[in-house]
Amino acid sequence: MTENSNTAQHHPEAELQAEARGRMGNYPLLRPKDASTLILIDRSGSEPALLMGKRHTAHAFMPDTYVFPGGRRDRDDGRVPVADRLQPAVEEKLLKKMANPASAHRAQALAIAAVRETHEEVGIFIAGPGQASRQDAWRAFAERKIAPRLSPLRYIARAITPPRQKRRFDTRFFACFRDEIGEVEAESSNELLDLKWVKLSEAGGVNMPRITQAIITDLAYELENDPSLPFGRPVPFYQARYGRFTREVL
């Protein structure tokens, strides 16, 4: 695995390479679509736990696997009013190696997409007082006179779907702590079923994509070094080239 960090030794390299080889398809080479996902961390117990849900069997992309809430960035996400903005260190990291057109507006839209998808898929609001959008996707926010809150979000990883797949995504993984967004109770949806809080020590026993497992390994390593998960921390960036995963640090 190509690597630009001294911390890569804790990664399951063989499994990642199997993931890259196993997912090489025969479809046209598609440009990845921007996507975002959010890892909600509960640190109230003896060890951190992450909110995950099972994708429906009918999904074309990663059916029957456990994932974090997330999805593709919508065109209108960048036009949504927010309660507060991203931390400057997070925005700076998002802009690194962002495909053109790279802009702070697009970086914010990626974070807004993570907030929107989290609400749509598990019913959780990451929000604060503010002018709510009138778009249908934000109706529940408007009814409560709240807007997306971006300041608690850390940018912790980026991964691009291997080439020659039916669908490809350039996914940014955000994270925040459950206690930073108030009282939250997750609810299953048509998108994510069987929601569960997965302890870090139990993640290896959950059916999830290998790349997700690798990102959890990254996260566990960072939480062990600094449980506050500082903003602007190094961001691992995974992508597959010529049947091999590469990992570099942004």
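In this text, all values refer to a predicted model and were calculated from it rather than measured experimentally. (Residues numbered from 1 in each chain as written. Predicted model: local features only at pLDDT ≥ 70, side-chain atom pairs only at ≥ 80, totals over all residues. Heavy atoms only, no water.)

Asker: Help me understand the nonpolar core in this model?
Answerer: Soluble globular proteins: nonpolar side chains tend toward being buried together. Core analysis: the biggest nonpolar cluster contains 33 residues, and L38, L40, I124, L153 and F174 have the highest contact counts within it. Going through the elements one at a time, β2 (33-42), α2 (88-95), α3 (104-122), β8 (154-160) and β9 (169-177) are the ones with two or more residues in this core. For this core, the leading source of residues is α3, giving seven residues. The contact partners of I124, leaving out residues within four places of it in the chain, are L40, L51, T118, H119, I181, V184, E185 and A186. (Core = buried A, V, L, I, M, F, W, Y, C linked by side-chain atoms within 4.5 Å. Buried < 20%, exposed > 50% of the residue type's maximum accessible area, 1.4 Å probe, protein only. Helix = DSSP H or I, 4+ residues; strand = E, 2+ residues; numbered from the N terminus. Contact = heavy atoms within 4.5 Å.)

Asker: Whenever I open this one, the confidence of the model for the protein chain confuses me. Can you help?
Answerer: Predicted confidence across the protein chain gives a mean pLDDT of 87, with 85% of residues reaching 70 or more. Contacts of residues 1-10 to residues separated by more than four positions or lying in other chains number 26 contacts, the stretch itself having pLDDT below 50. (pLDDT = per-residue confidence, 0-100.)

Asker: What should I look at first to understand the pattern of salt bridges in this one?
Answerer: A pair can form between side chains of opposite charge whenever their charged atoms are brought close. Within the structure shown, the criterion is met by 21 salt bridges. Measuring nitrogen to oxygen at the nearest pair gives 2.7 Å for the salt bridge that ties D34 to R172. Note that D34 is positioned in strand β2 and R172 in strand β9, a separation of 138 residues in sequence. With relative accessibility at 9%, the residue D34 sits in the buried group. Given the relative accessible area of 0%, R172 is considered buried. (Salt bridge = Lys/Arg side-chain N within 4 Å of Asp/Glu carboxyl O.)

Asker: Just checking my understanding: could you explain the packing of aromatic side chains for this structure?
Answerer: In this description, an aromatic ring pair is defined by two values, namely the gap between the centres and the angle between the planes. In this structure the tally under the stated criterion is three aromatic pairs. With a centroid separation of 4.9 Å and an interplanar angle of 70 degrees, the aromatic rings of F125 and F141 are classed as edge-to-face. Within this pair, whereas F125 is found in the loop between α3 and β6 (127-129), its partner F141 is found in helix α4 (residues 139-143), the two being separated by 16 residues in sequence. Taken together, a centroid distance of 4.8 Å and an interplanar angle of 65 degrees make the contact between W138 and F141 edge-to-face. The class for W138 is buried, based on a relative accessible area of 1%. Every member of this aromatic cluster is reached through a ring pair, and the members are F125, W138 and F141. Between R154 and the ring centre of F231, over which it is positioned, the NZ or CZ distance is 4.3 Å. (Phe/Tyr/Trp six-rings, centres within 6.5 Å; stacked < 30°, edge-to-face > 60°. Lys NZ or Arg CZ within 6 Å of the ring centre and 35° of its normal.)

Asker: How do you make sense of the pairing of strand β11 (residues 236-241) when you look at a structure like this?
Answerer: Successive residues of a regular strand alternate their side chains across the two faces of the sheet. Among the six residues of β11, five are classified as buried, and the element is accordingly described as predominantly covered. Relative to β11, β8 runs parallel, the two being bridged by two bridges. Paired with A159 across the two strands is Y238, which belongs to β11. Pairing analysis gives six bridges linking β11 to strand β12 (residues 244-249), with the strands arranged antiparallel. Directly across from P236, in β12, lies its bridge partner V249. (Pairing = 2+ DSSP bridges.)

Asker: When you look at the environment of Y155 in this model, what are you seeing that I'm missing?
Answerer: Within the secondary structure, Y155 is located in strand β8. With 64 residues separating them along the chain, Y155 and E91 place their C-alpha atoms 8.5 Å apart. Beyond its immediate chain neighbours, meaning those up to four positions away, Y155 contacts V90, K93, L94, R172, F173, F174, R233, V235 and L250.

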